[in-house]
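Observations on the model geometry
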Amino acid sequence: MKLHNTNNRFGLIAILLHWIMATVIIGLFILGKYMIDLDYYDSYYHIAPWWHKSFGLTLLFLLIIRLLWKLYSPKVLPISNHTGLEVKLATSLQIILYIFIFICCISGYLISTAEDAGISFFDWFDIPALISLGEAQSELAGDIHEYSTTILIVLAGLHLMAALKHHFINKDQTLIRILNFK
Ligand code: HEM
């Protein structure tokens, strides 16, 4: 199995980054919606946000690695049967997905550091609060986090539907290319 991409195949690194990040995003969304309804006496009241923040920051690191790998590894070309419009839509959606992952992570970071407190990263080390605007920061970042995470999940759903359309209707290699380790 090649680590690097070729012009017509994704390599192991790109495939693993894709599916690990997809799983973490869905997990963060479910955990996020679950944890905001917890009350102080709930046994997960402290541990759920701890996991959410640690995995949220992990996702930010994975996003940076993925963008650097995209720059470094050969570009996988669109499949020949994709129309010009489909290629443009797919590329635009991918760029918008990256931007929203970044917005979700930064807004989450700004909620958590609004009171000038750092974030414990899996209790291994602390990520310091680099910006502190107090209450205004927490509220604004909270709203941005709520809306951007919802938009991200909707966009990811569109992305999935496009891949399923290519697999079941166009019967092309679009989904196979990002699934196939062989
Ligand atoms: C793509 C990445 C992420 C997704 C999909 C996500 C998803 C969510 C969701 C769905 C909520 C509930 C929002 C609501 O309905 O009000 C939430 C809340 C929260 N998230 Fe994230 N999150 C992500 C990254 C992060 C990161 C990186 C951090 C911090 C380092 C973070 C910190 C928080 C905090 C503190 C809350 C609670 C906000 C409140 O109490 O209103 N999140 N997240």
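In every chain, residue numbers begin from 1 and rise along the written sequence. Local features in this predicted model are restricted to residues whose pLDDT is 70 or higher, and side-chain atom pairs enter the listing and the counts only when it is 80 or higher, whereas totals over whole chains, interfaces and linings include all residues. Values shown for side chains rest on all heavy atoms present in the structure; no hydrogens or waters enter the calculation.

**A look at the coordination of the iron atom of the ligand**
Selection rule: Only nitrogen, oxygen and sulfur atoms count as donors, using a 2.8 Å cut-off from the metal that widens to 3.2 Å for Na, K and Ca. Water is left out, so coordination shells may look unfilled. When four donors show all angles between 85 and 135 degrees the site is tetrahedral, when four or six donors have opposite pairs over 155 degrees and all other angles between 65 and 115 it is square planar or octahedral respectively, and in every other case it is irregular. Elements are defined by DSSP. Helices are runs of H or I of four residues or more, strands are runs of E of two residues or more, and each kind is numbered from the N terminus. Residue burial is assigned from relative accessible area. The probe radius is 1.4 Å, only protein chains are included, and a residue is buried under 20% of its type maximum, exposed over 50%, and partly exposed in between.
Within the first shell, the iron atom of the ligand binds the protein through His52 (NE2) and His145 (NE2), at distances of 2.0 Å. Here the iron atom of the ligand is ringed by six donor atoms whose angles at the metal span 87 to 179 degrees, and the overall shape comes out octahedral. A residue pair is termed long-range when its members are at least 10 positions apart, and His52 in helix α2 (residues 47–72) and His145 in helix α4 (residues 135–168) qualify at 93 residues. Judged by relative accessible area, which is 12%, His52 ranks as buried. Exposure remark for His145: the relative accessible area of 18% places this residue in the buried category.

**Thoughts on the environment of Gly11**
Among the structural elements, Gly11 can be located in the segment before α1 (12–35). What makes Gly11 buried here is its relative accessible area of 0%.

**Here's the deal with the state of the cysteines**
Put simply, the test is: The disulfide definition used here is simple: a pair of cysteine sulfur atoms within 2.5 Å.
One pass over the full model with this rule turns up zero disulfides. Cys105 takes part in no disulfide bond, and the closest cysteine sulfur to it belongs to Cys104, at a distance of 6.6 Å.

**Digging into the nonpolar core**
The line we're drawing: Put simply, buried Ala, Val, Leu, Ile, Met, Phe, Trp, Tyr and Cys residues joined by side-chain atoms within 4.5 Å make one nonpolar core. Any two residues whose heavy atoms approach within 4.5 Å are treated as being in contact.
Membership of the largest hydrophobic core comes to 20 residues, with the highest contact counts inside it found for Met21, Leu59, Ile101 and Leu152. Of all the elements in the fold, those that place two or more residues in this core are α1, α2, α3 (84–112) and α4. Of all the elements, α3 adds the most residues to this core, at seven residues. With residues near it in sequence (within four places) discarded, Leu59 still touches Met21, Val24, Ile25, Leu28, Ile101 and Cys105.

**Here we look at the site of the ligand**
As a reminder of what qualifies: Any residue with at least one heavy atom within 4 Å of a molecule or strand is counted as near it. Contacts described as polar in this section are N or O atom pairs within 3.5 Å, which, within protein, must combine one atom able to donate a hydrogen with one able to accept it, while residues neighboring in sequence count only if both atoms come from side chains. Classification used: nonpolar for Ala, Val, Leu, Ile, Met, Phe, Trp, Tyr, Cys and Pro, charged for Asp, Glu, Lys and Arg, polar for all others including Gly.
Taken together, the neighbourhood of the ligand is formed by 23 residues, with Lys33, Ile36, His52, Leu59 and His145 sitting nearest. At 2.7 Å, a side-chain N or O of Lys33 approaches an oxygen atom of the ligand. Residue His145 places a side-chain N or O atom 2.8 Å away from a nitrogen atom belonging to the ligand. Of all the secondary-structure elements, those providing two or more residues to the shell around the ligand are α1, α2, α3 and α4. Classifying every residue of the shell around the ligand by side-chain character gives 13 nonpolar, seven polar and three charged.

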